[in-house]
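Results of the structural survey
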Amino acid sequence: MKPHSRTTTRNILAVGLVAGLALVTGCTKSESDNSAPSQTSGSGDAGKQVAESGGGKTCAIGDYGADKLDLKNAVVGFSQSEKEANPFRIAETASIKAEASKRGVKLLTANAQSQFSKQISDVQDLIAKGAKLLVIAPLNSDGWEPVLRSAQAKKIPIITIDRQINAAPCKDYVSFIGSDFVAQGRRAADQLIEATGGKGEIAILLGAAGNNVTTERTKGFEDRVKAKAPGLKIVFKQTGEFTREKGQSVTEQLIQSKPGIKAIYAENDEMGLGAVNALKGAGKKPGAVKIVTIDGTRNAVQGIDDGWISAVIESNPRFGPLAFATLDSFTQGKPVGEDIVIQDSQYTEANAKADLNKAY
């Protein structure tokens, strides 16, 4: 089964506006890659996600085959995919827990520790423990059939966050909430083109295989470079598995094999910070090799101010308010978007120092 494709026409809505999640109507705007993204990212109130909800398909509880329930009296299960050494995962889990506490919702949590087989068993265990709703941050996009069958048998609604699963929306799961990863790749390419002047040999530190984030961030970046900067040559691509350690070791190999490398696109901040460590170890000066990353962690944004990183495209991990607002609408019988896309910001030399406190 193919994941639900995103539409290019979207409605802007605030996290707190539940009606905006339910009804995809009103004034629309066309996506323009050349338009300046919002510079609001942040923590606290400023860190709440703002979403662009797909301009077409919605899902209601009757369509999904589940029963209405009171969210406050329901047990919600949350499955985290990766070890919480990664700041994105720390912030994501904290946001889910904080919003559950704020709403008085009983929350069961599990962490797969970056093992997909464990995540499948984790979710099965959450169901066995009485979870009536599930929020899943998937490690991989494929292989979810056992969980989907178990959830369908008990009419348990599922919302996925930050990564999609290859299944049918409003049948196998209710909604996906996350960033436009192709657009993130395009925006990263724009920043790298600006940093390099559009010429030179560049490398890509790929994310982990088997999920849509890596595939889409790569596609957006490569397509943009091909279209706008034919003078940039991608001469190295290797996975850094979204970890700092692997990002460092891969960059050490890169420096040896491609000493003339001009720039690195890291598909998350942790790999980018690993690349910085490798460049420091090789005696490189800040800015000698341009680096653009995706996430928006405090350490990466500080790296811009320190001269090691050229730009960071934000991928906001604070899913709690938006995920629970979606669940609340859905369980009341209101339609929600099948594909709820977050509006992300970015950090550059122009705003990194002033907006450091907005990073996570």
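For the structure, check the block above.
A short tour of the structure in this document, coming up. Please read all numbers here as calculations on a predicted model, not as lab measurements.

Next up on the list: unusual backbone geometry. Residue Gln113 is not a glycine yet carries a positive backbone phi of 55°. Among the structural elements, Gln113 can be located in the loop between strand 6 (106–111) and helix 4 (116–128). On the basis of relative accessible area, Gln113 is assigned to the partly exposed category, the value being 33%. Even without being a glycine, Phe242 presents a positive backbone phi close to 65°. Note on placement: Phe242 falls in the loop between strand 11 (232–239) and helix 8 (244–257).

What follows is about the layout of surface pockets. Looking at the second largest pocket, its volume works out to about 370 Å³. What lines the second largest pocket is a set of 17 residues, and nearest its centre among them are Glu82, Ser114, Glu241, Phe242 and Thr243. Classifying every residue of the lining of the second largest pocket gives five nonpolar, five polar and seven charged.

Let us now look at the packing of aromatic side chains. Enumeration over the complete set of coordinates arrives at five aromatic pairs. Note on Phe88 and Tyr360: the rings are 6.2 Å apart at their centroids and 75° apart in plane angle, and the pair reads as edge-to-face. Of this pair, Phe88 sits in helix 3 (residues 87–103) while Tyr360 sits in the segment after strand 17 (346–348), and the two are 272 residues apart along the sequence. On the basis of relative accessible area, Tyr360 is assigned to the buried category, the value being 15%.

A few words now on the sheet that holds strand 10 (residues 200–206). Taken together, the six strands give an open sheet; going across it, the order is 11-10-12-13-14-17, and neighbouring strands pair in mixed fashion. The open sheet is flanked by strand 11 and strand 17, the only strands paired with a single partner. Looking at each pair of strands side by side, their axes are set apart by 15° on average, direction ignored. Taken together, the four bridges between strand 13 (residues 290–295) and strand 14 (residues 311–314) define a ladder with parallel strand orientation. Directly across from Asp295, in strand 14, lies its bridge partner Glu314. Strand contacts of helix 8: strand 10, strand 11 and strand 12 (263–266), with the helix running at about 135° to strand 11, the strand carrying the most contacts.

Basis of the calculations
Residues numbered from 1 in each chain as written. Predicted model: local features only at pLDDT ≥ 70, side-chain atom pairs only at ≥ 80, totals over all residues. Heavy atoms only, no water. Helix = DSSP H or I, 4+ residues; strand = E, 2+ residues; numbered from the N terminus. Buried < 20%, exposed > 50% of the residue type's maximum accessible area, 1.4 Å probe, protein only. 1 Å grid on protein atoms, 1.4 Å probe; cavity = no way out; pocket = protein on both sides within 12 Å on 5 of 7 lines; lining within 4 Å. Points joined across faces, edges and corners; volume = space filled by probe spheres on them. Nonpolar A, V, L, I, M, F, W, Y, C, P; charged D, E, K, R; others polar. Phe/Tyr/Trp six-rings, centres within 6.5 Å; stacked < 30°, edge-to-face > 60°. Pairing = 2+ DSSP bridges. Axes fitted to C-alpha atoms, helices over the stretch in contact; angles between N-to-C directions. Contact = heavy atoms within 4.5 Å.

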